Amino acid sequence: VLDPGFDIVGVSDSYLRATMTTRSGILGRGLFDVFPDNTDDPAADGVGNLRASLNRVLRTREPDTMPIQKYDIRRPEAEGGGFEERFWSPVNSPVLGPGGSVLYIIHKVDDVTDFVLLERKGTEQHRLTEELRAEIRARIATEREKDKLQSQLIQAQKMEAIGRLAGGIAHDFNNLLTAINGFSHLVLAGLPPEGPQAADVREIEKAGQ
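Notes on the structure in this doc start here.

Conventions and cut-offs
- Residues numbered from 1 in each chain as written.
- Predicted model: local features only at pLDDT ≥ 70, side-chain atom pairs only at ≥ 80, totals over all residues.
- Heavy atoms only, no water.
- Helix = DSSP H or I, 4+ residues; strand = E, 2+ residues; numbered from the N terminus.
- Contact = heavy atoms within 4.5 Å.
- Areas by Shrake-Rupley, 256 points an atom, 1.4 Å probe, with all protein chains shown as cover.
- Phe/Tyr/Trp six-rings, centres within 6.5 Å; stacked < 30°, edge-to-face > 60°.
- Buried < 20%, exposed > 50% of the residue type's maximum accessible area, 1.4 Å probe, protein only.
- Core = buried A, V, L, I, M, F, W, Y, C linked by side-chain atoms within 4.5 Å.
- Pairing = 2+ DSSP bridges.
- Polar contact = N/O pair within 3.5 Å; in protein donor to acceptor, adjacent residues only side chain to side chain.
- Salt bridge = Lys/Arg side-chain N within 4 Å of Asp/Glu carboxyl O.

1. With respect to the overall build of the protein chain
Point 1. Check the secondary structure of the protein chain and you find six helices and six strands.
Point 2. In the protein chain, the succession of α and β elements from N to C terminus is α-α-α-α-β-β-β-β-β-β-α-α.
Point 3. Contacts in the protein chain between residues far apart in sequence, at least 24 positions, make up 45% of those at least 6 positions apart.
Point 4. Of the accessible surface of the protein chain, which amounts to about 14400 Å², a share of 57% is contributed by carbon and sulfur atoms.

2. A word on the packing of aromatic side chains
Point 1. A complete count under the given rule lists two aromatic pairs for this structure.
Point 2. An angle of 85° between the planes, with centres 6.3 Å apart, marks the rings of F6 and F32 as edge-to-face. Of the two residues, F6 sits in the segment before α1 (13-19) while F32 sits in helix α3 (residues 31-34), which places them 26 residues apart along the sequence.
Point 3. On the basis of relative accessibility, which here comes to 8%, the residue F6 falls in the buried class.
Point 4. Seen from their ring centres, Y15 and F35 are 6.1 Å apart, and the 85° between their planes marks the pair as edge-to-face. Here Y15 is found in helix α1, whereas its partner F35 is found in the loop between α3 and α4 (46-60), with 20 residues between them in sequence.
Point 5. For Y15, a relative accessible area of 15% puts it in the buried group.
Point 6. Judged by its relative accessible area of 6%, F35 falls in the buried class.

3. Topic: unusual backbone geometry
Negative phi is the rule for most residues except glycine; trans is the rule for most peptide bonds.
Point 1. Residues other than glycine seldom take positive phi values, yet M20 does so here, at roughly 55°.
Point 2. Mapped onto the fold, M20 is located in the loop between α1 and α2 (23-26).

4. Here's the deal with the nonpolar core
Point 1. If you look at the biggest cluster of nonpolar residues, it comprises 22 residues, and the most contacted ones within it are L31, F32, F35, L50, L54, Y71 and I105.
Point 2. Those elements that place two or more of their residues in this core are α1, α3, α4 and β6 (102-111).
Point 3. The greatest single-element share of this core, amounting to four residues, is contributed by α4.

5. Observations concerning the pairing of β6
Point 1. With nine bridges connecting them, strand β5 (residues 87-96) and β6 associate as antiparallel partners. Its bridge partner lying in β6, V95 is registered against Y104.

6. A closer look at the side chain of T113
Point 1. Summarising the element assignment, T113 is placed in helix α5 (residues 113-188).
Point 2. Only 2.9 Å separates the side chain of T113 from the backbone nitrogen of F87, close enough to count as a polar contact.
Point 3. Apart from the residues within four sequence positions on either side, T113 is in contact with E85, R86 and F87.

7. Let's talk about the environment of D3
Point 1. Considering the arrangement of structural elements, one finds D3 in the segment before α1.
Point 2. Distance from D3 to V102, taken between C-alpha atoms, is 8.5 Å for residues 99 residues apart in sequence.
Point 3. Apart from the residues lying within four places of it in its own chain, the contact partners of D3 are V9, L103 and Y104.
Point 4. Among the polar contacts made by the side chain of D3, one reaches the main-chain amide nitrogen of G5 at a distance of 2.9 Å.

8. Looking at the pattern of salt bridges
Side chains carrying opposite charge are able to pair once their charged atoms draw close together.
Point 1. Throughout the structure, instances matching the rule amount to nine salt bridges.
Point 2. We note a salt bridge from E84 to R75, for which the minimum N-O separation is 3.4 Å.
Point 3. With a shortest N-O distance of 3.4 Å, E85 and R120 are connected by a salt bridge. Here E85 is found in the loop between β4 (83-84) and β5, whereas its partner R120 is found in helix α5, with 35 residues between them in sequence.
Point 4. Classification of R120 by relative accessible area gives partly exposed; the value is 40%.
Point 5. If you follow the salt bridges from partner to partner, you end up with R75, E84, R86 and D111 in one network.

In structure tokens, the structure reads:
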């Protein structure tokens, strides 16, 4: 419970447990003296956001529900000191006097740290899962490209082998044509060769007839 100057005038046991404070240690003190921003977090804006909400309550005399706030709290020195990360869902409601003025502000907060950290963990897990999926897809694409290049290499090697074989056949065929052409010239000149080739000439002559 706060007065219009934002000094703490009342506090519940559950609030003390949640904020790791004692009643004697915070009653009568300013809210932002007890709960300053985390000096180790340059982005800390809990004090500014809460002050703006409390001022809206004073101005409008209506309850003000804040979005979830990151508002770290100080640990007791007996527990190591420093700040502990905390997330809260605050609602600030006015207590009006007979003339409609704001006598007190009820500052109610729910500690939602576990929920936020669990949600953050789920988001991080989702990010890691997406990164893993992207890595797997990249690996599959790389393997497919390797298979494609290997297939092209094998095909090129086959074509090279076929080319060498075709070249050998063409060479042998040309030699055969050269022999046949020579015999043909002898036959046409009426000078059949003597010896063992005579029979071949006669066979070629028969084939020509």
